[in-house]
Each structure stands twice: as structure tokens, then as C-alpha cells.
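# Structural overview
The residues making up each chain are set out below.
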Amino acid sequence: MTATAAPARGAIRIRDVVKAYPGRDGPVLAVDHCSFDVGAGEICAVVGPSGCGKTTLLAALAGFHGIDSGSIHVDGQLLCGPGRSRAEVGPDRVVVFQNGALFPWKTNLENVAFAPIVQGRMSRRDALDRAASLLAEAGLRDDIHAYPGETSSGARRRVEIARALMTDPTILLLDEPFRALDALTKSVMHEALLETHARRPATLFFITHDLGEAVFLGHRVVVLTARTQALLTDARYRALVQQVAALVHEEARRAFEVGDREH
Amino acid sequence: MPDASSPEPARAPLGLPDTAPEWLWHAAAWLRGPAPYRMAIGYALALGSWYLTVDLLALPRFEDLPGVADVFREWTSERPSFGLSLHTPVYYEHILTSLRRVGLAFALATGLGVPVGLLLGASPRFRDYVFPVLEVLRPIPILAWVPLAIIIFDGAESPVVFLTFLASFFATALNAQLGVRSIEPEYLLAARCLGASRASVFWHVILPGALPSIFTGLELSVGVAWFSLVAAEMVSGQFGLGYVINTSFTMVQYPTIIIGMLTLGFVGHATSAAVRLTGRLLMGWRARTLRLEGA
């Protein structure tokens, strides 16, 4: 590794990972000898049909369960593999869940301030201040004191991402976070996510069903099937796709803003 | 900055100033709706059929029952024929005795039932030890506990409180357990991802997550507390509303039975309402979220 000013963190190296679940007729293979890399600070979109093992891989990265064989390294350090069947769940790898997991009994502000408070890293006051500025930065000033149940689904996703970012994670694990959103909100979310990523570069491991979303967001798109392949990383192709996607996105955003004003 | 998309309950038509407190808005909205009139009609129908069957028609099997007028006269009389009315201090002594027993039993049941229920929900090992035993004890009717209560506990007071406590305890513990088990697993995973210790997970996720169900249990628990209190007071004890009902029956003071019953109804309803109100105050997030969902 070269000694640059700030070495990027969060490089993931997945090698020969196998994971099976017990099933009625013997074990069911969820991930079969999967290998790929994600560069530090990269947005890696993972697509594939249901049951291809996307979520299993994410759960292994998060430490929710172990793997049967193979290894996962982060920045050269063994996360799980030989001698350590399961990664520790920790604030350096935070999951944003498919259905949202903001605590409904805490306001959005309290949710975002949760991590540093329970970790004892900040005083309650400092944590709330920092959370408020992070939410304001994300354009959510109006939602600060609302409960998640009173917040629009799009804003809720952004609050949850802000909550995850409060721990300064090296890797953000997103499990189809925008699945339930309508197309226009989704488009706005994409821009917000890219903006956030530009401000705080963490590695994003982004699971999605939506190939368009994967192509638009991902520096790298991994298509998981029975056999894993890394695809669509050619620079020229990506530039072309992003041009098209940006145009579509701009149109969508304009429509969204008009809709917002007419409310 | 007002956000046009955030739904606010429609307030303008009620003609109240914006500064009016929340409960006044609720009251005003309730009065504008059909609910109060339906309630009045419901009461009128109930009292009317009582009047019709007993006072007016004196139907067979009903003729010995006290009529509406008799009960009302006795209840409000300054010199009641059977010694119990709104004007006699002994009436309030009975109410207070029952309230004190229910309060004590409810406090014990809550103090013991909530922790036991939370543990049952949170720790599979504790659950393995304790739950099967609870499952066998729970269906035993309170009246079946009476002999044991009298053998174990001294005097007239403690057996009654013990019997009242029992049923409440089961309702509270089981609902607290249910509350913990109904928490979305994602909340627990998210909390651990964000670096919460086991203690933090308990205070920030498990307890608030189980609170709605705990309060459902507490509301049930006050209900069963009254239920078992009266059963216990009929068996032992020299005071209380259950005792009033039982002795009035043996002494053929029928209007007083009805007075005791209705008093139980009102007092029981008030205690349930108090528990519900406490729950609402503790769970502001829930009231606000549910209101938006139109519940």
C-alpha cells in the first residue's frame, strides 16, 4: 500500500464464500463459492434474482451470521473466515434495513444521535447537536423533532442513513433501502445518496433489485447468480450510462419539485 | 417553515384558539360528533329496559328485583333504609378499602410482573425454566386459590390482596413477554450495529418497544384485579364493595346490591381509564403516529 495522505478505508475482499441454510430436504446453498472485491470508498451495487444470496452476503459482512467456508477481509484484516466463523457486529459496518429500522419511539433527532450516546463517545448534548447539523445538512431540518411515523418514507430513509453515518462507518451496508419508494422519490434519494457519499466517503455495499438503480449508483455492479461475475465496470460504458441516467434523473427531479410546490 | 405536506389535524372548524390545550381539542371534536348522543341513547335504553321489566311490568322472576327508582332513591337518600348511600361515610370507606386493596395488588403485580415478563421475552433460558410452570399455574381460577391464600396468609387483609395480585400478575407478565417478542428483530440488529451494549439495547429498544403491550397488559390487569378482588372479598374480609354485595344479599337488602355493583362499575372504569391515560402520556410517540394513520 502506498503512503498517501489519507488512505481510503473499507476495501472488501470476498473469497470463495460458501453459506448454506438448513432446509427440509438437507442444506440449501445460499452463497456458493462467491468471490469479488470492492474498492475502498467505492459504491458497489449488488444485483441478482431473489434467493441469489445478496442478503446472506450482507448479513455475513454485518456479522449477523457466519459463513461455512471461504473468507472476507476488510482492509487486509480478516473479518470472518478460517478461525473466525462470524464477524463481530460493530459500528464500523452499519446496516440500513430494507423495511427501515428507525426506532419509532425516538424522534428523528434522537434516532440519529443514538449511536454516539450509547457508545459513550459523546455527551448527550453534543450528540444531539451533531445529529441536528447532520440532518440539516441532509435537508431534513423540518423533520428533526418529528417521530419516524410522522415522517415521509423518503425522508425516513435519509434519516436512517444519517443515523448510520453518525458512527463514521467504513462500510455502509444497504439492503434494498429504496425498494418501497415511488420512482420520483427514489430518484431524489439517489442524488441525496451520491451527495452524501461525496461528503463522507465510506464503502457502500448496496443491494438492489433494480438494475437501473444499480447502474446509476454503482462504481461497480456485481451481478450475483449461481456463479458470481463482476460486470459493467468498463469506464466508457459507465460514462455513457451515467449521462443518460443523469438526464432522466434531472427530469424526474424537476417533476418532483413541481409536485412538491403544488402540495 | 410550515411544511405543506405534513398532515395536521383539521382544527379550524372547531372554533377554538390555537393555544387551547390538546385535550380540549379532543373534547370539542368528540362533542361535535354523534358519539355523545349515541352514548346518551345507549344509557337511556339500558335504564329504560330495567324500568320496563322491573318497575313497570314486574315480569315473573324480575318482580323481586329492586327497581330503578328504588335504587336511585336509596343511593341518594340522606337516611338510607339499609345504611348505605352517597351521604353515609361508610359508603366511601368501602370504596376506599377496595381501592386500597386493588392499588396494592396492582402495584405488586406490576412491580413483579413487568420484570418477569421482560425477562421471559428477552432470555430464552429464563423462559425455558419459568414459562412451563406459569402455563400450569395461570389457568387455575382465583377461587381455587382461596383455601391456600387463607392457610398461607394471616388475617383478613393479606389473603384478599394476594388473590387480587395473582390474576393481575399473570396478565401483566404475559403481556410484557409478548411485548418483547413482538419487537421487530431489525430494531435489535440496528441497535447492535450502532454499537449499543446489552444494557443500552434493553433501555433504548426492548423496554420502549414492549411498552405498548405492557400497557395493554396493565389495562387488563386492573380489570382482573377488580374481578378477583370482589371474589376474594365475598369469601373473606369485613369491608369492601364485594363484601357489601355479599352481605346485602344475605340480609335481603337488594337495592344495596345494585348500589355496590354500579359503584364497582364506575370505580373500575375510572381505574382503567387512569392506566390508559398514563400509557398515553408515556407513549407520546405512539399517539402522534397512530393519529396520522387515522386510527
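Residue numbering note: each chain is counted from 1, following its sequence as written. Labels follow written order: the first chain is A, the first ligand is 1, and so on. At least 70 in pLDDT is required for a residue's local features to be given in this predicted model, at least 80 for side-chain atom pairs to be given and counted, and no such filter applies to totals for whole chains, interfaces and linings, which use all residues.

## Some words on helix H11 (residues 254–282) of chain B
Put simply, DSSP H or I for four residues or longer makes a helix, DSSP E for two residues or longer makes a strand, and each gets a number counted from the N terminus. Take the number of residues in a helix, subtract one, and multiply by 1.5 Å to get its expected span. Taking 1.5 Å per residue as the helical rise, H11 of chain B with its 29 residues ought to reach 42 Å, and the 43 Å between its terminal C-alpha atoms agrees with that figure. Of the surrounding secondary structure, the elements contacted by the buried residues of H11 of chain B are helix H3 (68–76), helix H4 (89–122), helix H9 (198–235) and helix H10 (241–250) of chain B. Residues are treated as contacting if the C-beta atoms built from their backbones sit within 7 Å of each other.

## Remarks on the environment of alanine 146 of chain A
Residues and elements named next belong to chain A. Among the secondary structure elements, alanine 146 is positioned in the loop between helix H4 (124–137) and helix H5 (153–165). When the C-alpha positions of alanine 146 and lysine 106 are compared, they lie 8.8 Å apart, and in sequence the two are 40 residues distant. Leaving out residues up to four positions away in the same chain, alanine 146 has contacts with Thr107, Asn108 and Thr151.

## Some remarks on the interface of chain B and chain A
Every contact between the two is made by 23 residues of chain B and, on the other side, 24 residues of chain A. If you list the elements that add at least two residues to the side of chain B that touches chain A, you get helix H8 (185–193), H9 and helix H12 (284–292) of chain B. Among the elements that line the side of chain B that touches chain A, the one with the most residues is H8 of chain B, at six residues. Side-chain classes are defined by residue name, with Ala, Val, Leu, Ile, Met, Phe, Trp, Tyr, Cys and Pro counting as nonpolar, Asp, Glu, Lys and Arg as charged, and the others, Gly among them, as polar. Taken together, the residues of the side of chain B that touches chain A sort by class into 12 nonpolar, six polar and five charged.

## Concerning the pairing of strand E8 (residues 203–207) of chain A
Residue and element names in this part refer to chain A. E8 sits mainly inside the fold: five of its five residues count as buried. A two-sided burial pattern is seen for E8, the buried positions comprising Thr203, Phe205 and Ile207 on one face and Leu204 and Phe206 on the other. Note on pairing: DSSP must find at least two bridges between two strands before they are called paired. Bridging between strand E3 (residues 43–47) and E8 involves four bridges; their strand directions are parallel. Across the sheet, the residue bridging to valine 46 is isoleucine 207, located in E8. With five bridges joining them, strand E7 (residues 171–175) and E8 adopt parallel strand pairing. From the neighbouring strand, leucine 173 faces E8, where its bridge partner is phenylalanine 205. Seen with the strands pointing away from the viewer, any crossover whose path from the first strand over the helix to the second strand runs clockwise is right-handed. Between the parallel elements E7 and E8, the chain passes through helix H6 (residues 183–199) in a crossover that is right-handed. Neighbour density around each residue's C-beta defines its exposure: 20 or more other C-beta atoms within 10 Å make it buried, 12 or fewer make it exposed, and counts between make it partly exposed, where C-beta atoms are placed from the backbone.

## Observations concerning the packing of H5 of chain A against H6 of chain A
Working note: a packed helix pair is described by the angle between its axes plus the distance between those axes. Residue and element names in this part refer to chain A. Here H5 crosses H6 at 20°, and the two axes come no closer than 10 Å. Considered as vectors, H5 and H6 are oriented roughly parallel to each other. In this structure, the crossing between H5 and H6 has a hand that is right-handed. Contacts from Gly154, Arg157, Arg158 and Ile161 in H5 reach Thr185, Val188, Met189, Ala192 and Thr196 in H6. Considering only residue class, the contact of H5 with H6 consists of four nonpolar, three polar and two charged. Axis definition: a line fitted to C-alpha atoms, limited for helices to the stretch in contact. Angles are taken between N-to-C directions and run from 0 to 180 degrees. These descriptions rest on fixed angle ranges, namely under 35 degrees for roughly parallel, over 145 for roughly antiparallel, 65 to 115 for roughly perpendicular, and the rest for oblique. Handedness of a crossing is defined here by the sense of rotation of the near helix relative to the far one, left-handed for an anticlockwise turn of less than a right angle and right-handed for a clockwise turn.

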